[in-house]
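Chains, contacts and geometry: an overview
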Amino acid sequence: MTDGNKERTFAALPPAQGQGFAQTWWGRAWLKALEDAALDSEPVKTGRRLARTGAVGAVSVRPGRVTAVVRDRDGTAHRSDVLLQELSEEQWDRFLDMAVERAGHVAALLDREMPPHLVEDAAASGVELLPGLGDLEAECDCGAWDHCGHTAALCYQMARLLDQDPFALLLMRGRTERTLLDELQSRGSTTAKNRPDAPEPAQQGVDACEAYAAGDILPPLPAPPILPEVPGRPPSLDTEAAPAPGVDPAALEFLATATAAEAHRLLAEALGPTHGQEAPAELTVEQDAVRLAALAPEGAIVERLADGSGRDRQELALAVRAWHHGGVVALAVLEDEWAVEAAALARARAALEAAWDEDERPRLRATRNRWTAVGAPAQLRLGRDGRWWPYRKERGRWTPAGPAAGDPATAFATAQGDPGGDPMSG
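Within any chain, residue numbers begin from 1 and follow the written order of that chain's sequence. Note on the predicted model: pLDDT of at least 70 is required for a residue's local features to be given, and 80 or more for side-chain atom pairs to be given and counted; whole-chain, interface and lining totals, by contrast, use all residues. Calculated side-chain values reflect all of the structure's heavy atoms, with hydrogen atoms and water omitted.

Between two packed helices, both the angle of their axes relative to each other and the distance between the axes serve to describe the pair. Lines fitted to C-alpha atoms define the axes here, with helix axes fitted over just the stretch in contact, and angles between the N-to-C directions of these axes take values from 0 to 180 degrees. Secondary structure elements follow DSSP: runs of H or I of four or more residues count as helices, runs of E of two or more count as strands, with numbering from the N terminus. Contact geometry for helix α2 (residues 41-52) and helix α6 (residues 149-164): axes closest at 7 Å, N-to-C directions at 55 degrees. One finds that α2 runs oblique with respect to α6. Along this stretch, α2 crosses α6, giving a crossing that reads as right-handed. Side by side, α2 and α6 meet where Pro43, Val44, Thr46, Gly47, Arg48, Leu50 and Ala51 of the first sit next to Gly149, His150, Ala152, Ala153, Tyr156 and Gln157 of the second. Each residue gets one of three labels, nonpolar for Ala, Val, Leu, Ile, Met, Phe, Trp, Tyr, Cys and Pro, charged for Asp, Glu, Lys and Arg, and polar for the others, Gly among them. The residue makeup of the contact of α2 with α6, split by class, is 7 nonpolar, 5 polar and 1 charged. Roughly parallel means an angle under 35 degrees; roughly antiparallel means over 145; roughly perpendicular covers 65 to 115; every other angle is labelled oblique. Rotating anticlockwise by less than a right angle from the far helix to the near helix defines a left-handed crossing, while the corresponding clockwise rotation defines a right-handed one. Residue contacts follow a heavy-atom distance rule, with two residues in contact if any of their heavy atoms lie within 4.5 Å.

This part is about the packing of helix α11 (residues 285-293) against helix α13 (residues 313-335). Packing of α11 against α13 leaves a shortest axis separation of 9 Å and a crossing angle of 110 degrees. Regarding the angle of α11 to α13, the classification is roughly perpendicular. Residues Gln287, Val290, Arg291 and Ala293 of α11 pack against Leu316, Ala319, Val320, Trp323, Val328 and Leu331 of α13. Looking at the contact of α11 with α13, its residues break down into 8 nonpolar, 1 polar and 1 charged.

Another point: helix α12 (residues 300-308). For every residue, the accessible area obtained with a 1.4 Å probe (protein chains only) is divided by the maximum for its type, and the residue is called buried under 20%, exposed over 50%, and partly exposed between those limits. Burial in α12 covers these residues: Ile301, Val302, Leu305 and Ala306. Down the axis of α12, the buried side of the element spans an arc of 135 degrees, and every buried residue falls inside it. Away from the buried face of α12 by more than 90 degrees, exposed residues Ala300, Asp307 and Gly308 are located. Phi turns positive, to about 75 degrees, at Gly310, one or two residues after α12. The reported arc concerns the directions from the helix axis to the C-beta atoms and nothing else.

Across soluble globular proteins, nonpolar side chains have a tendency to be buried as a group. Counting 57 residues, the largest nonpolar core has Trp30, Val59, Phe95 and Met158 as the members making the most contacts within it. Among the elements that take part in this core, α6 stands out by supplying 9 residues, more than any other. Not counting residues up to four positions away in its chain, the partners in contact with Val59 are Arg8, Thr9, Phe10, Val66, Thr67, Ala68, Leu154, Gln157, Met158 and Leu161. Remark: nonpolar core denotes a set of buried residues (Ala, Val, Leu, Ile, Met, Phe, Trp, Tyr, Cys) joined through side-chain atoms within 4.5 Å. In terms of nonpolar packing, the next biggest core, distinct from the first, is built from 26 residues, Ala293, Val302, Trp338 and Trp389 among them.

On to the side chain of Arg381. Along the chain, Arg381 falls in strand β8 (residues 378-382). Summary of buried charges: Arg381 has no salt-bridge partner, and the nearest side chain of opposite charge, Glu337, is 7.3 Å away. By the criterion applied in these results, polar contacts are pairs of N or O atoms within 3.5 Å in which, for protein atoms, one can donate a hydrogen and the other can accept it, and in which residues neighboring in sequence qualify only through two side-chain atoms. One polar contact links the side chain of Arg381 to the main-chain carbonyl oxygen of Leu334, over a distance of 3.2 Å. Once residues lying within four places of it in the same chain are set aside, the contact partners of Arg381 are Val333, Leu334, Asn369, Arg370, Arg387, Trp388, Trp389, Tyr391 and Trp398. His is not counted here, nor are the chain ends, while Lys and Arg score as positive and Asp and Glu score as negative. For salt bridges, the criterion is a side-chain nitrogen of Lys or Arg within 4 Å of an Asp or Glu carboxyl oxygen.

Now the structure itself:
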């Protein structure tokens, strides 16, 4: 069976101050292979210090090799690799045959654990999963012929990753998680069918009435996840390898960062008091381009978003300003003009009549859902939800001036305020 994607990239981990690098026994075994083989203890100590301060970047794991960029204390970057021999096809066959005979081994792997008896049984089958003395070889562009501070730092960082996911070690040994699980499932099914006393396969699913009746004896749901203070930081794409044709690394990094921010926002909403309310409609391509432009720095990315959304730079700048004031609703008020239905129009006129005293009321000329001040660069726009949006004319364009208000007088006061900058500049 052949693997598809044989590489995994783990984002850079935060500094490890105040804690050890390996909490699991297999993570400590990985570090023991490094520390026992070190001819000089100084590079190991240097590597521990570098890893503890967060000097190791994103870690790429693939069969036989783990790679990362490690920075010295002065900021100099070095590409560092740690090599571990892959298992042969024969060794993998022995490991898989051993694992399917013991259901606990498969369950442990699915729980991201590597219990000692799994490693011991693998060793009894002639398969060494964990590295031993001298198994971790080093390559670094700093010129060291043995483990240096950079490769040692990578080893310490790798121990933390192995704590989280022992499948990273199995990937170094030559099998991806998906391939390994597929092979275990395939061999397990074949083994079960070949047993003469194998029971008939169970029927799929359960009776709905039985499932409902058992609801009160089911364990409680786990606690919801804790919302991180800030969105996650995607791994850097600043590598020595040239990008594939048609791939823009800057745009890809921007999209990854924007996706992380959106995931953080959605998780915050899911954990908030409004969870369970009706989900918002999916954004159109044009709306999503504005959402991304509201996050984007100036430059080529904004140019591409303007082109992709069918707007010029000035139109996109106005759309971004509207988005900042009220998202999709504010964008619709900017770009759409509609005839107000009779009932809504009557309520709007009543609100306008009541908003000012007779001698203070501005002269407003109504056109569909827009009321424009006569002789002043101010305008009110009525949203479909009944709120009033302030607009003022700047450089010949009606420009969003602030968030919506339930009271037209409040919105009109905002529309008459100081423009506060050039909307065409961002």
